[in-house]
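Here is what each chain is made of, one letter per residue.
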Amino acid sequence: MASEESQCVLLPMKLDAFVFNEAVCSGEADEAKIAPITQPNYTFLRLDSELIENDVLDHAYLGHSSPATDNSRYTNLATGKPWPRRQGVYLHWMLPRAYRSGKQSSDDPDAATGYPDTPTRWLVIRKVQQDTIRPETAKSLIKPIDAWVIESDRQWELDDLGPWMDLQVDVSPFISGGAGADAVDIDEQAEVFIGIKSPAWGWKESLDQHPRIQLSLLNSSNPLFPDYQPHNSNVFSMVDNLTYDDGTEWKVLESVKADYFVLGWHSVRDKDLFCQPEDNSNVQHADLLKSLMMTLKDPKDKDPWLSSNASTTSICHGSMYDVAWNATKKPANVPADDISRSLIEDMPVAVGTTPLDALMAWVTSSYQKRKEEGDEDDVISDLERILLHIETLLHAHDDGVDSQIEAADQVYNWNYSRHDGGSSYRISTTEDAGDNYITKDDLKALKELNAAQAVADLAMRALEQTRWELFSTWWKVVGDDKPNNTSYSAQVDGMLTRIQSLMDLAQDHQRNVRLLLSKGNFKQTTHDPFHQQRDPTLLVGNVESGWPWDYLDSLAVRLESQTVSPSASLDPIWDDLVSVILPKLPSDLQNAASALVKEFAALSSTETMTLEGEEVLPLYHDHEWTPDGDDSTPWRDRWGDKQPWFPLFIEWEVEYTHIPFEYWSLDERSARLAPGKKLRSGIIDGVTLYEKAREDFRLHEDRRIISGRSLILPQATFSLKSKVAQVLEDTPEDVLKKMKIGDKERKLLETSLYLLPFLSSPMSGFNEHLATRVQGTHIKPNNRTPDKPGVTPISTATRKLAGFNEKALGAMNLQTDPTPYGFLADFLKAEEQAFKPVVHGQFRFTRLNIFDKFGQAVHLLDPNPRAGGPPPLYPCISEYYEPQLVKDTDDKANTVREDLPGKCEFVQSSMYINQPARLNAEFVVLEKETNHWRPINPDDHDGPGPIFGWAVLNNADNGVQFFLPDGTFYREVRFAGRNGPSVAPRWYPFGPSTKGGPAAETLDRLIDKIQNVDGYMDTFTGMLVAAQAKLPAPPSAFSQYLNSLVGQPLALVYLGWSLELAENAYASESSLEGGSSSKPMTLLDVPGAGDRYHFPIKLGDRDRAYDGLVAFFKTVDSPTPGNELDFGSFYTYFDEGDESSGPSDSDQEEAQDDNPLKIIGNDNYLNLEAFWLDPASYVAKKGQTEAEMAAKLSDDRADLLTVVGAVMSPFVPVHASTSTLPVKTIKLPTWTWQSALSKMTAFFHMGPAVIPIDVPSFQTNYALSDTYDLSKDIAVPNTAVQVSTMGSAPWNWLQPYWAKEPEENISQAVQGGQAEEQPPASQYATRYMALNPAKAVDGKPRFERGPYVAIEGFLQLKMPLLKETQGINRN
């Protein structure tokens, strides 16, 4: 044995055995099928228009795959005879996770990811159980111990393969790459195979005698390669044909039981995971294990090894006992057959936005079905019921949403992938820094910095798109019958010029960014990301995952000293193996290999082993997991007369029907099985699609078949378990109890989720197909290796006459995925365009097959051709994808084909942009110099802000008070007038102010409407009253005395919205399209095309308690300062006269067209058109600076905002909702309102009141002004006005006087929107003084001596609406 510090590491593998014979391949109609072998056809990588394909792996065709005589995997269809080398026991070993994880070997982010080399030598040992051999005559002809060596890296050229070799089981197709442009021979790649199986007795290592390839999971270029046995024959799998020579011919055993053992090692020692290079010799074994996702099993007393950094070796091992072979019968237990029957009968298929969303759709349907059948008393039903109870909590953890209510409301957000939105900068500050530390120079630099960064980001996104467009053109050139067609040359030259221009533009502005960063203290932040709807997620229930339940755990490895030794000496049948074969292994592995072989022999017994000393049982020599550790479950390394079932991928096909845009609307509506109304795009009420299809040819012509392949990864069930565990840990007990989750339910969730079997995977490529792009393994024009950054053009990929020289190939860089349609499909005669810039349609499944690692296939739809197409599949559909019901029915789905009542075959893809986009939201101000809207600078606290005023509902005065943006009181409107609302003079009771300006003019225009438009005051005030009841509680700093006096202060702000594309609008990538007679709709203006798409946006939500929108106004056509908004109508959810007010239905009209209050609904949502700004427009020309062009981009983006004036809570965000993108929120920064609310005060009219003592005379130095400071005592000292106050709160009595008006105030009194008549300087005006009320006044008569005085005035609370808060976040 090696020294303690250099002991060999033993890596366990899961070994599976699959029996293949005629009976297995002859399944009944409702049983699993054996898929014909479909290997990657690397011929499709050749640069030939007749050979090049978007994906080298075709879908498997299951039609006529049974009986065995019709299946090409079993029968040579040319001769009608079985293939002689394909029957037997197929063994496949699962590589540890360490070989599946890559890392970059270069600091360059564009460098390829490197994966570790896999072991390339595998010793496969078979021990037959002699008494099970049939026929009896074969017992003496079969070795009790036999062995083979697999050389995974053995490379073959097609011409080198012998005629006896079967290309589908004896070797595996592979791509042999090179490091340079001339090292890659594309034509030869298609003829490369790897792998060989040799009898171990005659084998010897010969590294230099045969061609070898460097083998890792990366350079296979096939994601199925390590796990799909038909793709890795004699690489990571082999078939044991179980043949013997009876002296006349080779025959196959009739039956036998055998034990199998596999050992794997690196033929080149320095490729071993534990062979540490000299420059990494300081890494201890413990750290190395951690980096490889491994842990030492039972590490007791292993500190010397764990702390050592000695270079050592590793060996993989796996075993499977009691594999039963019968040449004419199926194994006793075939899970694939049971699953097939279950799926065909129950069709437990679900479609959702995420795995969790699809799971809940399935659980909902399954639980409802059990209830209807009275089958609710089993564990599965209990689990489904509990999951339904905590569904909202699970969704919250699924997408990181903090609020449980938000998690339920923001369902649309789960379905979007995120794309980089670029960077922005803020001025870096500390918590205790005030506003004065920011200088004008800082703000100027910040503006220039963000403008430069915006240009750089825009240029980089356009650069990536143009690189891909160059690749797309190259692909079309190669696929063209005339690949050197010179007509492409000018197009290629134009793209190369654009690429260089974009690179220069990005570099210039990145340089400016670096320069500006050096001049100030800035911090980098991220812009909102762009989003694109993900592909739908497909879930199949009642199917267990094949991945070991602990596969994602750290792999439990051992050292060679921890192996289990047999209690007695080995049976002599092992002598030849030990003495002849094991010595052929590398010398430093022989002791470990010998120990593992002895352990394999020792553990073949089913009797309980007594472990001694350091002995530790290997991983997988254990039972299937149960929560209580039940050891009656099957052993994981015993076959148990059970065929394996390891689902690995799903192949799906759908028929997609595009539904015309005019049939869609955004509205509050319910789905077919989701009665609650939510905002969603759907079919307009009254439009019945299957009836429209009788007259609208588009519902027949605009139909396509889309297919894809989705890998089944191990995360689905494990992810659910982790989410549930997190929910139980984070959720308070009282909340769980309200959801009926007690101790019993908690235990069930913690222990039994594994009983809920399902598979889930995204329908990868669905959206790409609709964009005429294809995901798949395909030829690329550049070579990329992990050891060097960048790409190297492949010389044979050039098409110089078409403009594609090596420079053009290199310009594509990494943007070579996905492929364009090119010449893939012919749409020349199609009536409608195949390319869909916006997806709005329905699809149904026409094929759905699940394949396991050995090629067993379960089909949910009959794979054989039939008239009228396949039978319908009725999936469980999540709320997001559920079609609506036909109007005035309760069981008819509104689909393009009429279905049976209560059934729905179609899944609805509702209105989303088929490329990354984002909804922008900005607080804006109208720039005086240009009359253009501009976003506010969030760091410019002294500059113009988005608030143009405040509205406060004054309950005591039965009116509304308006304040200027800084909190200065402006005017009040009351219901008190005989001829309508009464409007108080400006500024009263405070002195005139110079702060009016455009904000005061705007407020005056609103007040004018309130005063003079019939019903405006009623509806506007009623709206504020209704909204107060729905708005969330204000922060604790809001004065506790104010709730009964005034409502929450509401900010009047300017909000801008726009819909931005990350890149230029996609276009059709099909070379065979153009026959469409219609003009397709587009995202951007395209000459000769149809209408542009417009997208409705709903602002705010009455039912969202956390939404702050009260109402909005639209802008006038040509806004100017003071005249920005159209106050003729205001749009809101709140109408005091209608408690059920909400979105208006399409068949309901307003009672009066002239009613200024409009309930927000789909007839008045904002409508936005998408935009994209071409960075080429911002290249500085002669006489222009880069800073000027960057500023122009910022201005152009701002000019595309759709602006509204909003009435909103300053404390919570406004939400913008659409089915196109995630919900967008915008919230006022604290600095925009904190100072104003700290200045604003509550006051109301009082009187006339009779008091026994007169008020003091007017004193000019105590006259109220607009600069009153509530932090100081502004009241006349030693006064005690006998008026009643409320509670113990501090109050002021504001007493009016008829006093001489100072000359300097006369001009200030007209600083509102319109001048009022003011007295000349020699005349008098109403002025106010603050007096102290008496401390205790009640209504008890005391008959004080007269004369009595009657007074009127204002009672003012001597505290602001919002207290100053220390340490508040001002951003």
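Below is a summary of the structure that appears in this document. Note that this is a predicted model, so its numbers are computed, not measured.

### Structural notes on the nonpolar core
Link 1 in the chain: Counting 182 residues, the largest nonpolar core has Trp474, Phe804, Phe962, Phe1020 and Trp1057 as its most contacted members.
Link 2 in the chain: Among the elements that line this core, the one with the most residues is helix 9 (residues 440-479), at 14 residues.
Link 3 in the chain: If you look at the next biggest cluster of nonpolar residues, it comprises 57 residues, including Leu15, Val128, Ile142 and Ala324.

### Quick word on the packing of aromatic side chains
Link 1 in the chain: Under the defined criterion, the tally for this structure stands at 45 aromatic pairs.
Link 2 in the chain: With a centroid separation of 6.1 Å and 65° between ring planes, the pair formed by Phe969 and Phe990 is classed as edge-to-face. Of the two residues, Phe969 is situated in strand 45 (residues 969-974) and Phe990 in the loop between strand 46 (982-983) and helix 20 (997-1012); the sequence distance between them amounts to 21 residues. Phe990 shares its class with Phe969; the two are buried.
Link 3 in the chain: Geometrically, the ring pair formed by Phe1112 and Tyr1131 is stacked, given 5.0 Å between the ring centres and 20° between the ring planes. Here the residue Phe1112 occupies a position in strand 49 (residues 1109-1120), and Tyr1131 occupies one in strand 50 (residues 1123-1132), the gap between them amounting to 19 residues.
Link 4 in the chain: Overall, Phe1112 belongs to the buried group, its relative accessible area being 2%.
Link 5 in the chain: By the ring-pair criterion, three or more aromatic residues cluster together here, those being Phe963, Phe969, Tyr988, Phe990, Phe1243, Tyr1328 and Phe1354.

### Some remarks on the sheet that holds strand 20 (residues 314-326)
Hydrogen bonds between backbone groups are what pair the strands of a sheet, and the pairing can be parallel or antiparallel.
Link 1 in the chain: Here we have eight strands laid out as an open sheet, ordered 14-10-9-18-20-1-27-19, and mixed in their pairing. In this open sheet, the two strands that pair with only one neighbour each are strand 14 (197-199) and strand 19 (294-296). The average undirected angle you get between the axes of adjacent strands in this sheet is 30°.
Link 2 in the chain: Sheet analysis places strand 9 (residues 121-128) next to strand 18 (residues 255-265), joined by eight bridges and oriented antiparallel. In the sheet register, Arg126 faces strand 18, and the bridge partner there is Tyr260.

### A short note on the sheet that holds strand 58 (residues 1276-1281)
Link 1 in the chain: Taken together, five strands build an open sheet; the order of strands is 57-61-59-60-58 and the sheet is mixed. Each edge of the sheet is formed by a strand with only one pairing partner; in this case those strands are strand 57 (1241-1251) and strand 58. Averaged over all pairs of adjacent strands, the angle between strand axes in this sheet comes to 45°, irrespective of strand direction.
Link 2 in the chain: As paired strands, strand 57 and strand 61 (residues 1349-1360) are joined by eight bridges and run antiparallel to one another. What sits directly across from Thr1241, in strand 61, is Pro1360.

### A short note on the pairing of strand 27 (residues 555-559)
Link 1 in the chain: Most of strand 27 is tucked away, with five of its five residues classed as buried.
Link 2 in the chain: Of the two faces of strand 27, both are covered, the one formed by Leu555, Val557 and Leu559 as well as the one formed by Ala556 and Arg558.
Link 3 in the chain: Judged from the two bridges that link them, strand 1 (residues 9-12) and strand 27 form a sheet pairing that is antiparallel. Looking at strand 27, one finds that Leu10 is bridged to Arg558.
Link 4 in the chain: Sheet topology places strand 19 next to strand 27; three bridges connect them, and they run parallel. In the strand pairing of strand 27, Met294 is matched with Leu555.

### Looking at unusual backbone geometry
Link 1 in the chain: The omega angle of the peptide bond from Asp817 to Pro818 is -10°, so this bond is cis rather than trans.
Link 2 in the chain: Locating Pro818 in the fold gives a position in the loop between helix 19 (806-811) and strand 36 (819-820).
Link 3 in the chain: Residues Tyr988 and Pro989 are joined by a peptide bond in cis, for which omega reads 15°.
Link 4 in the chain: With respect to the element layout, Pro989 can be found in the loop between strand 46 and helix 20.
Link 5 in the chain: Even without being a glycine, Asp298 presents a positive backbone phi close to 50°.
Link 6 in the chain: A positive phi angle, close to 65°, is found at Asp888, a residue other than glycine.
Link 7 in the chain: Here Asp888 lies in the loop between strand 39 (876-877) and strand 40 (907-913).

Calculation notes
Residues numbered from 1 in each chain as written. Predicted model: local features only at pLDDT ≥ 70, side-chain atom pairs only at ≥ 80, totals over all residues. Heavy atoms only, no water. Core = buried A, V, L, I, M, F, W, Y, C linked by side-chain atoms within 4.5 Å. Buried < 20%, exposed > 50% of the residue type's maximum accessible area, 1.4 Å probe, protein only. Helix = DSSP H or I, 4+ residues; strand = E, 2+ residues; numbered from the N terminus. Phe/Tyr/Trp six-rings, centres within 6.5 Å; stacked < 30°, edge-to-face > 60°. Pairing = 2+ DSSP bridges. Axes fitted to C-alpha atoms, helices over the stretch in contact; angles between N-to-C directions.

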